[in-house]
Amino acid sequence: MTNDRETKKSTMGGDEREHRRLAMTLAAVLFLGTFQLGEGELKGDYSKLSGIIIPGFASTQLRAWSILDCPYSPLDFNPLDLVWLDTTKLLSAVNCWLKCMLLDPYNQTDNPECKSRPDSGLSAITELDPGYITGPLSSVWKEWVKWCIEFGIEANAIIAAPYDWRLSPSMLEERDLYFYKLKQTFETALKLRGGPSIVFAHSLGNNVFRYFLEWLKLEIAPKQYIQWLDDHIYAFFAVGAPLLGSTETVKGMLSGNTFGLPVSEGTARLMFNSFGSSLWMMPFSKYCRADAMYLKHFSGGIRKGPNAYQCEQKEFQSNYSGFSTNIINIEIPSTRGIDAYPSVSEFSQTNYSSMECGLPTQLSFSAREISDGTFFKAIEDYDSDSKRTLHQLKKSYHDDPVLNPLTPWDRPPIKNVFCIYGVDSRTEVGYYFAPSGKPYPDNWIITDVIYEIEGSLVSRTCSCRSGNQVEGNPGPASGDETVPYHSLSWCKNWLGPRVNITRAPQSEHDGSDVQVELNVEHHNEDVVPNMTRSPRVKYITYYEDSESIPGKRTAVWELDKANHRNIVRSPALMRELWLQIWHDIHADSPSKFVTKAKRGPLRDDDCYWDYGKARCAWPEYCEYRYVFGDVHLGQSCRLRNSSADALLHYV
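Model, not experiment: these values are computed from the prediction.

A. Focus on the packing of aromatic side chains. Across all of its chains, the model carries 30 aromatic pairs by this definition. Between Phe237 and Phe418, the ring centres sit 4.7 Å apart and the planes meet at 15°, which makes this aromatic pair stacked. Placement of Phe237 in strand 9 (residues 233-239) and of Phe418 in strand 14 (residues 416-423) is noted, with a sequence separation of 181 residues between them. A relative accessible area of 1% means that Phe418 is categorised as buried.

B. Here's a closer look at the sheet that holds strand 14. Sheet architecture is open: 9 strands sit in the order 7-3-8-9-14-21-20-18-19, paired in mixed fashion. Two strands bound the open sheet, and with one partner strand each, they are strand 7 (158-160) and strand 19 (515-521). Pairs of neighbouring strands in the sheet enclose a mean axial angle of 15°, with direction left out of account. On the sheet, helix 7 (residues 178-193) packs against strand 3 (50-54), strand 7, strand 8 (197-202) and strand 9 and is oriented at approximately 165° with respect to strand 3.

C. Focus on the confidence of the model for the protein. When pLDDT is averaged across the protein, the result is 83; 82% of the residues are at 70 or more. By mean pLDDT, the top-scoring element of the protein is strand 14 (97), and the lowest-scoring one is helix 13 (residues 342-347) (41). Low confidence marks residues 5-45, where pLDDT is under 50. Its contacts with residues over four positions away, or in another chain, come to 86 contacts. Taken as a whole, residues 294-305 scores under 50 in pLDDT and shows 16 contacts with residues more than four places along the chain or in a different chain.

D. Region of interest: the pattern of salt bridges. Scanning the entire structure with this criterion turns up 35 salt bridges. Note that Glu187 is salt-bridged to Lys183, the shortest N-O span being 2.8 Å. Placement of the pair is Glu187 and Lys183 together in helix 7, with a separation of 4 residues, close to one helical turn. Each of the two residues, Glu187 as well as Lys183, counts as buried. A salt bridge links Lys492 to Glu558, with the shortest nitrogen-to-oxygen separation between them at 3.0 Å. With Lys492 in the loop between helix 17 (485-488) and strand 18 (498-505) and Glu558 in strand 21 (residues 553-560), this residue pair connects regions lying 66 residues apart in the sequence. Judged by its relative accessible area of 0%, Lys492 is buried. Each of Asp164, Arg166, Arg175 and Asp176 takes part in a single network of salt bridges with overlapping partners.

E. Spatial organisation of empty space enclosed by the protein. Under the definition given, this model contains 3 cavities of 30 Å³ or more. Roughly 40 Å³ of internal volume is contained in the largest cavity. Surrounding the largest cavity, Asn207, Arg210, Pro242, Leu243, Trp280, Phe284, Leu403, Pro405 and Trp409 form its lining. Its residues assigned to classes, the lining of the largest cavity comprises 7 nonpolar, 1 polar and 1 charged.

F. Geometry of the layout of surface pockets. Approximately 870 Å³ is the volume found for the largest pocket. If you list the elements that add at least two residues to the lining of the largest pocket, you get helix 10 (248-254) and helix 11 (265-274). When residues of the lining of the largest pocket are assigned to their parent elements, the largest contribution, 4 residues, is made by helix 10.

G. Quick peek at the pairing of strand 12 (residues 328-332). The element strand 12 is extensively covered by neighbouring structure, given that 4 of its 5 residues are classed as buried. Examined bridge by bridge, strand 12 and strand 13 (residues 361-365) share 5 bridges and lie antiparallel to one another. In the strand pairing of strand 13, Asn329 is matched with Ser364. Relative to strand 15 (residues 427-435), strand 12 is paired through 3 bridges, and the arrangement is parallel.

H. Here's a closer look at the sheet that holds strand 13. Taken in spatial order, the 5 strands of this open sheet run 13-12-15-16-17, and their pairing is mixed. Only two strands of the sheet have a single partner each, and these edge strands are strand 13 and strand 17 (456-459). Sheet twist, expressed as the mean angle between neighbouring strand axes with direction ignored, is 20°. Pairing analysis gives 4 bridges linking strand 16 (residues 444-453) to strand 17, with the strands arranged antiparallel. Looking at the pairing, Glu452 lines up with Leu457 of strand 17.

I. Main features of helix 18 (residues 571-585). The end-to-end C-alpha distance of helix 18, which contains 15 residues, comes to 21 Å, matching closely the 21 Å that a straight helix rising 1.5 Å per residue would cover. Counting buried positions along helix 18 gives 14 out of 15 residues, so the element sits mostly inside the fold.

J. Quick peek at a nonpolar patch on the surface. The grouping of Tyr611, Tyr624, Tyr626, Val627, Phe628 and Leu633 at the surface amounts to a nonpolar patch, some 730 Å² of accessible area in total. Within the secondary structure, Val627 sits in the loop between strand 24 (622-624) and strand 25 (637-639).

K. Main features of the state of the cysteines. Applying the stated criterion to the full structure yields 6 disulfides. Disulfide partner of Cys100: Cys114, at an S-S distance of 2.0 Å. Judged by the torsion about the S-S bond (100°), the Cys100/Cys114 disulfide is right-handed. Separated by 14 residues along the polypeptide, Cys100 in helix 3 (residues 94-101) and Cys114 in the loop between helix 3 and strand 6 (116-118) bring together distant segments of the chain. For the pair Cys100 and Cys114, one class covers both residues: buried. Here Cys607 is linked by a disulfide to Cys622, with a sulfur-sulfur distance of 2.0 Å. The disulfide joining Cys607 to Cys622 has a torsion of about -75° about its S-S bond and is therefore left-handed.

The rules behind these values
- Residues numbered from 1 in each chain as written.
- Predicted model: local features only at pLDDT ≥ 70, side-chain atom pairs only at ≥ 80, totals over all residues.
- Heavy atoms only, no water.
- Phe/Tyr/Trp six-rings, centres within 6.5 Å; stacked < 30°, edge-to-face > 60°.
- Helix = DSSP H or I, 4+ residues; strand = E, 2+ residues; numbered from the N terminus.
- Buried < 20%, exposed > 50% of the residue type's maximum accessible area, 1.4 Å probe, protein only.
- Pairing = 2+ DSSP bridges.
- Axes fitted to C-alpha atoms, helices over the stretch in contact; angles between N-to-C directions.
- Contact = heavy atoms within 4.5 Å.
- pLDDT = per-residue confidence, 0-100.
- Salt bridge = Lys/Arg side-chain N within 4 Å of Asp/Glu carboxyl O.
- 1 Å grid on protein atoms, 1.4 Å probe; cavity = no way out; pocket = protein on both sides within 12 Å on 5 of 7 lines; lining within 4 Å.
- Points joined across faces, edges and corners; volume = space filled by probe spheres on them.
- Nonpolar A, V, L, I, M, F, W, Y, C, P; charged D, E, K, R; others polar.
- Expected span 1.5 Å × (residues − 1).
- Patch = residues over 30% accessible without salt bridge, like charges linked within 9 Å, V, L, I, M, F, W, Y side chains within 5 Å.
- Areas by Shrake-Rupley, 256 points an atom, 1.4 Å probe, with all protein chains shown as cover.
- Disulfide = S-S within 2.5 Å.

Structure (structure tokens):
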């Protein structure tokens, strides 16, 4: 009798553990169950949601769509051969490789001998060059997809939207019908799974998504626009978005940015400047806006003529177009009189006030003067590439019939918007250029670089870390190594009139180091918390609507030391995404956002061995459970079977 009772108890315990394990798999994942949409909220769970990934610049594989015989090399290009990124062919047949990569700088057509097209599916964005010697440089979304698989997300619930990142926005639609296909992707996902999608965009992918939203206004009936967004898009996660452009683009355009590839800077510049998308990431002023070509579309009228580009008085009253310093400082050889340079004298009279005959003249340019073409007109007599740049700038950006992308963002009309980026990494914000004496594309050299780092400006030629070393207005933080803080943090303007601010460690924590400021007044500007930092701890600072715009929910997450490219692989970011989604499942949740009070392990990989206590850390979550093949103690620390209960803390 006793044996039967113990057997039954043991069986029940096993069933309960199995039930809890299944419950965790079913509950922690998106996409399993049913839901209903309320006003910016979900009721139930996520069985019908889809995740659509829009990758960033250079984050989609390109494959050859032609046959190219490469002389003096055993490696030819055949249809469907990998072009971006095939380092073997780059090293052994660089001239052939360039033919497949370069575009015509004026009309964005392919080389007559070779054309490349973007790959499709998740494999096009997960790893650009498997086995690439530098490893992480070619691995972009691989960890992201691994998380999805580990949490049991179905294969058809994650959809990649790769694109030819070399093209300008208008050419993406003209050549590839990209935005039409993206609209079809959203509509197919709705029909396939029965619910809206979550958009995950990284870097340039955010600019692509912004253009898509504007293009959509002209594609569907105006009165159905907002309803279409509500039906097809539940949330937008903007990761590392260059909302006001990136200063590194300037370096790529004038001296070349190799991004770690084994090519010369001149070759990198030649390639970068052949892409129509190179101008898409230029820095621009937050004070200057342009009317859409078809502004009267919603009222049924069509307005013809150029876009009206206007700047507020603040642009001329403040310094540096709101950025921390002048972005370009360039020496121009002045061997002739100023009257010999109409393109310079017309647009840059003030810059010549200190000119001395026969000596080089240094000109300085702000973000507005770069994006409106003033800078390129000023160096037109000294740089053969400026005419191409001005042509592309006018044709593909200033006169774009859908949107001038070189204007500040407004909050997308989506119910839930999460803006996520890294801070406090050394980021380039300004450059000093001088003539090199060599022909194009090596005609400019960088003589100095200005960095922003943790609230100060530092020159490359000075190791001092004082904000007084460089003239400018440093912000409260620095950017993510690629995009300046001023550009990343623009989305703080989208927050509601009152904001809750929370700072918590990125790693698992018990809540003892969490700082909170509630109901901070916000007036469409940057919000800076008065909180302390431990120098050994990486934090996440959350800015979340306390009082939101009706029907809208907005949050901004700042991750300390998160690199621009690597942020999509950050375990802390992935954990916060899952917890926020898990929180949204529960309609009876008392708050709009997931609690930050505590963070425990969610995966086996989060468990580790505590050598000081000779046990697995986080014993309430993790236990020692050896599996054949484990090679160290930490590998044998795994989640307890009852860890599904831990998720209830985040409702």
